[in-house]
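Close look at the chain arrangement
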Amino acid sequence: MISKFKDLLSYAKEQPDPQRLLFLFAKTELNNPKKSKKNAKGTITPTMCVDKLPEELTDYASLIKEADGISSDWDFVFISSLSGGKKQPPTTEDADPYLNKMTNDITSGQNIARYVVFDRQDNPIELLPN
């Protein structure tokens with residue numbers, strides 16, 4: 001089970017086919033911010049996307065620092081991976097339609113269970129549709 005970013009990174013590096021990791025950073029807006037965070041309801045808005053090879057990442061803190069250097073307006077990061085073939089990782093161009101799909105999934109609230117989600121503190125987050 002993936003409970004920390006380092007687990008996900010290790011898992012991606014162990015795959016038989018080279019991987020490209022897809023990241024979608026999103027901010028949240030709670031409908032009723034006074035309610036318990038455990039049962040909070042609200043909206044999720046994508047703010048930025050990036051794709052990286054696992055070898056380009058060292059740890060979660062570095063990813064956060066890089067993301068915050070672009071925009072700190074995010075609360076969660078949704079992560080997926082894309083497999084390559086013939087010992088070659090997918091290219092950034094290969095990742096573009098999948099990043100677009102992630103954006104559409106998050107915006108419309110569909111298929112979010114397929115993504116690993118972490119908060120800024122590297123805690124896994126479980127999101128449920130309304």
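Here the structure is shown first, and the text comes after it.
Remember, predicted model here, so these are calculated numbers, not experimental data. (Residues numbered from 1 in each chain as written. Predicted model: local features only at pLDDT ≥ 70, side-chain atom pairs only at ≥ 80, totals over all residues. Heavy atoms only, no water.)

1. Details of the overall build of the protein
Helices and strands together make up the secondary structure of the protein, namely three helices and four strands. Along the protein, from the amino end to the carboxyl end, the secondary structure elements read α-β-β-α-β-α-β. Its C-alpha atoms give the protein a radius of gyration of 15 Å, near enough to 14 Å, the size a compact globule of 130 residues would have. The dimensions of the protein, computed from C-alpha atoms along their principal axes, are 50 × 30 × 25 Å. Within the protein, the proportion of its 130 residues that are buried is 31%. (Helix = DSSP H or I, 4+ residues; strand = E, 2+ residues; numbered from the N terminus. Rg over C-alpha atoms; globule rule 2.2 N^0.38 Å. Buried < 20%, exposed > 50% of the residue type's maximum accessible area, 1.4 Å probe, protein only.)

2. A few points about the pairing of strand E3 (residues 76-83)
Direction of pairing for strand E1 (residues 19-30) relative to E3: antiparallel, over a ladder of eight bridges. Bridge pairing links Leu-22 to Ser-80 in E3. Judged from the four bridges that link them, E3 and strand E4 (residues 116-119) form a sheet pairing that is antiparallel. By the bridge assignment, Phe-78 is partnered in E4 with Val-117. (Pairing = 2+ DSSP bridges.)

3. Notes on helix H2 (residues 60-70)
Of all the positions in H2, only Tyr-60, Leu-63, Ile-64 and Ala-67 are classed as buried. Taken around the axis of H2, the buried residues stretch over an arc of 95°, which confines them to a single face. Within H2, the exposed residues directed more than 90 degrees away from the buried face are Ala-61, Lys-65 and Gly-69. The inward-facing, buried residues of H2 contact helix H1 (5-14), E1, strand E2 (42-52), E3 and E4. (Arc of directions from axis to C-beta. Contact = heavy atoms within 4.5 Å.)

4. Things to note about the sheet that holds E1
A sheet is described by the order of its strands in space; here four strands give the open sequence E2-E1-E3-E4, paired in antiparallel fashion. Of all the strands in the sheet, just E2 and E4 have a single pairing partner and so form its edges. Going from strand to strand, the sheet's axes swing by 25° on average, the running direction of each strand aside. With respect to the sheet, H1 is in contact with E1, E3 and E4, its orientation differing from that of E1 by roughly 155°. (Axes fitted to C-alpha atoms, helices over the stretch in contact; angles between N-to-C directions.)

5. Some details on unusual backbone geometry
Despite not being glycine, Lys-86 has its phi angle at roughly 55°, a positive value. If you trace the backbone, Lys-86 turns up in the loop between E3 and helix H3 (92-108). Even without glycine at this site, Lys-87 takes up a positive phi of about 65°. Along the chain, Lys-87 falls in the loop between E3 and H3.

6. A closer look at the environment of Phe-23
Here Phe-23 is to be found in strand E1. The exposure class of Phe-23 is buried, given its relative accessible area of 0%. Placed 94 residues apart in sequence, Phe-23 and Val-117 show a C-alpha to C-alpha distance of 9.6 Å. Those residues within four positions of Phe-23 in sequence are excluded, and the remaining contacts are Phe-5, Met-48, Cys-49, Val-50, Lys-52, Leu-57, Leu-63, Val-77, Phe-78, Ile-79 and Leu-99.

7. Brief notes about the packing of aromatic side chains
Here the structure, examined in full by the defined rule, presents six aromatic pairs. Consider the rings of Phe-25 and Trp-74, whose centres lie 4.9 Å apart with planes at 75°: the pair is edge-to-face. With Phe-25 in strand E1 and Trp-74 in the loop between H2 and E3, this residue pair connects regions lying 49 residues apart in the sequence. Across the pair, Trp-74 and Phe-25 agree in class, each one buried. Members of the aromatic cluster, connected to one another through ring pairs, are Phe-5, Phe-23, Tyr-60 and Phe-118. The ring of Trp-74 has Arg-120 sitting right over it, with the charged end atom 4.0 Å from the ring centre. (Phe/Tyr/Trp six-rings, centres within 6.5 Å; stacked < 30°, edge-to-face > 60°. Lys NZ or Arg CZ within 6 Å of the ring centre and 35° of its normal.)

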